[in-house]
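# Secondary and tertiary structure notes
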Amino acid sequence: MSPKKEATEQKQQDSDSVGPKIVEYEPTYATEPDDAERFSSSKVKTIVNRVFQEELHRAQIDDKWMKDWAHFGDDFESLSKEIADKVKNKCKTLCLPRYKILVQVTIGQRKDQGISSASRCLWDSNTDNYASVSYRNESIWASCVVFGVYTE
């Protein structure tokens, strides 16, 4: 047997007996998602509306919360984080491979005031998208913006 062949066989035996097998994947070079895998604003809006209805009704925001608005900042912060986490987790069930999901939730008190919000981002309009949903009742308003950014 030639020395090269012996070295190759020895290498294979060593690699078979040492630890778990390492699998290497080749890059796919997918620059766009399939049509079925695209970020759908309408599906995401449905998810956000459902989460707003569940969470904001469950929170039972009453007059006591409104009177002590400044003192309950932590409660509103944790509520907005819960909503954002729930929306993100439910968006992940849509099976959008290679999409980065970003969720921004804002909650405010309704007291005859206005708010303007804007965001800017560099993205590919062929693959990236967003969904924006607003909610309000007698006491509060809430806004949720979900961004779906395709990562190559």
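Going by the structure above, here's the rest.
Now for a description of the structure that goes with this document. (Residues numbered from 1 in each chain as written. Predicted model: local features only at pLDDT ≥ 70, side-chain atom pairs only at ≥ 80, totals over all residues. Heavy atoms only, no water.)

Let's shift gears to the layout of surface pockets. When its volume is computed, the largest pocket comes out at roughly 620 Å³. Residue lining of the largest pocket: 27 residues in total, with Ile115, Ser117, Ser134, Trp141 and Ser143 positioned closest to the centre. Listed by contribution, the elements that provide at least two residues to the lining of the largest pocket are β1 (99–109), β2 (129–136) and β3 (140–150). The element that contributes the greatest number of residues to the lining of the largest pocket is β3, accounting for six residues. (1 Å grid on protein atoms, 1.4 Å probe; cavity = no way out; pocket = protein on both sides within 12 Å on 5 of 7 lines; lining within 4 Å. Points joined across faces, edges and corners; volume = space filled by probe spheres on them. Helix = DSSP H or I, 4+ residues; strand = E, 2+ residues; numbered from the N terminus.)

In this section: the nonpolar core. Membership of the largest hydrophobic core comes to 27 residues, with the highest contact counts inside it found for Val48, Phe52, Leu56, Ile83, Val87, Ile107 and Val146. When residues of this core are traced back to their parent elements, those giving at least two are α2 (41–58), α4 (73–92), β1, β2 and β3. Dropping the residues within four chain positions of it, valine 48 is found in contact with Val87, Val133, Cys144 and Val146. (Core = buried A, V, L, I, M, F, W, Y, C linked by side-chain atoms within 4.5 Å. Buried < 20%, exposed > 50% of the residue type's maximum accessible area, 1.4 Å probe, protein only. Contact = heavy atoms within 4.5 Å.)

The next point concerns the sheet that holds β2. Spatially, β1-β3-β2 is the arrangement adopted by the three strands of the open sheet, whose pairing is antiparallel. The open sheet has two edge strands with one neighbour each: β1 and β2. When strand polarity is set aside, the average angle formed by the axes of neighbouring strands in this sheet is 10 degrees. Here β1 runs beside β3; their pairing, made up of eleven bridges, is antiparallel. (Pairing = 2+ DSSP bridges. Axes fitted to C-alpha atoms, helices over the stretch in contact; angles between N-to-C directions.)

Our next topic: the pattern of salt bridges. Note on pairing: side chains with opposite charge can pair once their charged atoms come close. Within the structure shown, the criterion is met by five salt bridges. Notably, a salt bridge pairs aspartate 35 with arginine 38, separated by 3.5 Å at the nearest N-O pair. Overall, the relative accessible area of 26% leaves arginine 38 in the partly exposed class. Salt-bridge contacts for lysine 90 lead to glutamate 54; the nearest nitrogen and oxygen are separated by 3.9 Å. (Salt bridge = Lys/Arg side-chain N within 4 Å of Asp/Glu carboxyl O.)

Helical periodicity: at 3.6 residues per turn, an α-helix aligns residues three or four positions apart in one direction. With 18 residues, α2 should reach 26 Å at 1.5 Å per residue; the first-to-last C-alpha distance of 25 Å fits that figure. If you check which residues of α2 are buried, you get Ser41, Val44, Ile47, Val48, Val51, Phe52, Glu55 and Leu56. Seen from one end, α2 has its buried residues packed into an arc of 135 degrees, which puts them on one side. Facing away from the buried side of α2, by more than 90 degrees, are the exposed residues Ser42, Lys43 and Arg58. (Expected span 1.5 Å × (residues − 1). Arc of directions from axis to C-beta.)

Attention shifts here to the packing of aromatic side chains. Counted under the stated rule, the structure contains six aromatic pairs. Judged by centre distance (6.3 Å) and plane angle (65 degrees), the rings of tryptophan 123 and phenylalanine 147 are edge-to-face. Remark: phenylalanine 147 occurs in strand β3 and tryptophan 123 occurs in the loop between β1 and β2; sequence separation between them is 24 residues. With relative accessibility at 31%, the residue tryptophan 123 sits in the partly exposed group. The buried category is assigned to phenylalanine 147, whose relative accessible area is 17%. Here the aromatic rings of tyrosine 130 and phenylalanine 147 are separated by 6.4 Å at their centres, their planes lie at 40 degrees, and the arrangement is tilted. Placement of the pair is tyrosine 130 in strand β2 and phenylalanine 147 in strand β3, with a sequence separation of 17 residues. Judged by its relative accessible area of 42%, tyrosine 130 falls in the partly exposed class. (Phe/Tyr/Trp six-rings, centres within 6.5 Å; stacked < 30°, edge-to-face > 60°.)

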